[in-house]
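Here is what each chain is made of, one letter per residue.
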Amino acid sequence: NVDTMGYFNVSNGYKAGGYDADNALDRSREFEDEEVISYELGLKTELWNNRARINTAVFYSEFDDLQVSGFEGAGFIVGNAAESEIYGVEADFTVAVTDTFTLNGALAYLDTEYKDYPNASCAIGQVQNGSCDANGGFQDLGGTSLQFAPEWSGNIGAAYDASLTDSLDIGLRVDALYTDDILIAPDADAEVTEESYWKINARIALLSADGKWSLALIGKNLTDETTFNWGNDATL
């Protein structure tokens, strides 16, 4: 018994422009509205007598005048990357293997790119070797990946929920989360990249059968993986 629903979605939106807070009186520092149009095609499927669910989707988004922040001198300046695009595929599943044991997971592939960004802030290496000055104080990031957009990411998890007594339940859960390399710096400096990593989380809980109370022991990042989510050149 398989039930499937398909869908296609088209949407658009915008983010208003303005002036950078540190340069409100400098009209040359005005940044334009950011606009996006997105397309998504997907399937939602239930099978195995509704004990399993699989969702899949492909998507594409195109941005005009994407608002970006770059470090110039002693502060961050908001501007626009002329065009960028994002496309990818994602899938997730949940399976009730038994009445007490459940598996779930997700996987996503993401491809992001500045299609046109000729006025990006320079990385410190470019400032030091003079190539930034040779290009009018900017670098061209056309064809470069966007910030905070790993190519691959996903997770896998398992849960066990059962009754211990007539009035007491137990819940056990473990999750493993994966993220591919992440470009962190707004100037696309390869030195400011978070390398791929796994993180493991777990939870043990005792619950009253009537749902009135619960007591849980929660562990996050049990392998003690050290990561960072922000970094930038200090051009001083």
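Described in the following lines is the structure provided in the data block. (Residues numbered from 1 in each chain as written. Predicted model: local features only at pLDDT ≥ 70, side-chain atom pairs only at ≥ 80, totals over all residues. Heavy atoms only, no water.)

Regarding its fold elements, the protein presents two helices and 13 strands. Here the protein holds 236 residues, and the buried ones make up 30% of them. Carbon together with sulfur atoms contributes 54% to the accessible area of the protein, which is approximately 14,200 Å² in total. (Helix = DSSP H or I, 4+ residues; strand = E, 2+ residues; numbered from the N terminus. Buried < 20%, exposed > 50% of the residue type's maximum accessible area, 1.4 Å probe, protein only. Areas by Shrake-Rupley, 256 points an atom, 1.4 Å probe, with all protein chains shown as cover.)

Turning our attention to the pattern of salt bridges. Two side chains carrying opposite charge are able to pair once their charged atoms lie near each other. Across all of its chains, the model carries five salt bridges by this definition. With a closest N to O distance of 3.9 Å, Glu34 and Lys15 form a salt bridge. Highlighted residues: Glu34 in strand β4 (residues 34–47) and Lys15 in strand β1 (residues 3–15), separated in sequence by 19 residues. Using a relative accessible area of 9% as the deciding quantity, one classes Glu34 as buried. Judged by its relative accessible area of 44%, Lys15 is partly exposed. Here Arg53 ties to Glu46 by a salt bridge, and the two come within 3.2 Å at their closest N and O atoms. With relative accessibility at 26%, the residue Glu46 sits in the partly exposed group. Here the salt bridges share partners, and the residues they tie into one network are Glu62, Glu83 and Lys115. (Salt bridge = Lys/Arg side-chain N within 4 Å of Asp/Glu carboxyl O.)

With eleven residues, the main nonpolar core is built from Phe63, Leu66, Val68, Ile86, Tyr114, Tyr117, Ala120, Leu141, Leu146, Leu183 and Ala188. With three residues, strand β5 (residues 52–72) is the largest single contributor of residues to this core. Contact partners of Ala120, with chain neighbours within four places excluded, come to Phe138, Gln139 and Leu141. (Core = buried A, V, L, I, M, F, W, Y, C linked by side-chain atoms within 4.5 Å. Contact = heavy atoms within 4.5 Å.)

Turning our attention to a nonpolar patch on the surface. Taken together, the side chains of Phe8, Val10, Ile37, Tyr39, Leu41, Val58 and Val89 make up a nonpolar region of the molecular surface, amounting to roughly 600 Å² of accessible area. When residues of the nonpolar patch are traced back to their parent elements, those giving at least two are β1 and β4. Among the elements that line the nonpolar patch, the one with the most residues is β4, at three residues. Tracing the chain through its elements places Val10 in strand β1. (Patch = residues over 30% accessible without salt bridge, like charges linked within 9 Å, V, L, I, M, F, W, Y side chains within 5 Å.)

What follows concerns unusual backbone geometry. The residue Trp48 is not glycine, and still its phi comes out positive at about 55°. Considering the arrangement of structural elements, one finds Trp48 in the loop between β4 and β5. Overall, the relative accessible area of 42% leaves Trp48 in the partly exposed class.

Bringing the side chain of Glu85 into the picture now. Secondary-structure assignment places Glu85 in strand β6 (residues 75–96). It turns out Glu85 is buried and unbridged, and the closest side chain with the opposite charge, Lys115, is 4.1 Å from it. Engagement of the side chain of Glu85 in a polar contact is seen with the side chain of Tyr60, the distance being 2.9 Å. For Glu85, the residues in contact, after removing those within four places along its chain, are Tyr60, Ser61, Glu62, Asp111, Thr112, Glu113 and Lys115. (Lys, Arg positive; Asp, Glu negative; His and termini not counted. Polar contact = N/O pair within 3.5 Å; in protein donor to acceptor, adjacent residues only side chain to side chain.)

Here we take up the pairing of strand β9 (residues 168–179). Relative to β9, strand β8 (residues 152–163) runs antiparallel, the two being bridged by eleven bridges. Paired with Ala159 across the bridge in β9 is Arg173. In terms of strand pairing, β9 meets strand β12 (residues 197–208) through twelve bridges, oriented antiparallel. Looking across to β12, one finds that Leu177 is bridged to Lys199. (Pairing = 2+ DSSP bridges.)

All right, on to the environment of Gly18 then. Mapped onto the elements of the fold, Gly18 is located in strand β2 (residues 18–19). The buried category is assigned to Gly18, whose relative accessible area is 19%. Spatially, the C-alpha atom of Gly18 lies 5.5 Å from that of Phe31, the residues being 13 residues apart in sequence.

So, on to the environment of Glu83. Secondary-structure assignment places Glu83 in strand β6. Linking Glu83 and Glu35, residues 48 residues apart in sequence, is a C-alpha distance of 9.7 Å.

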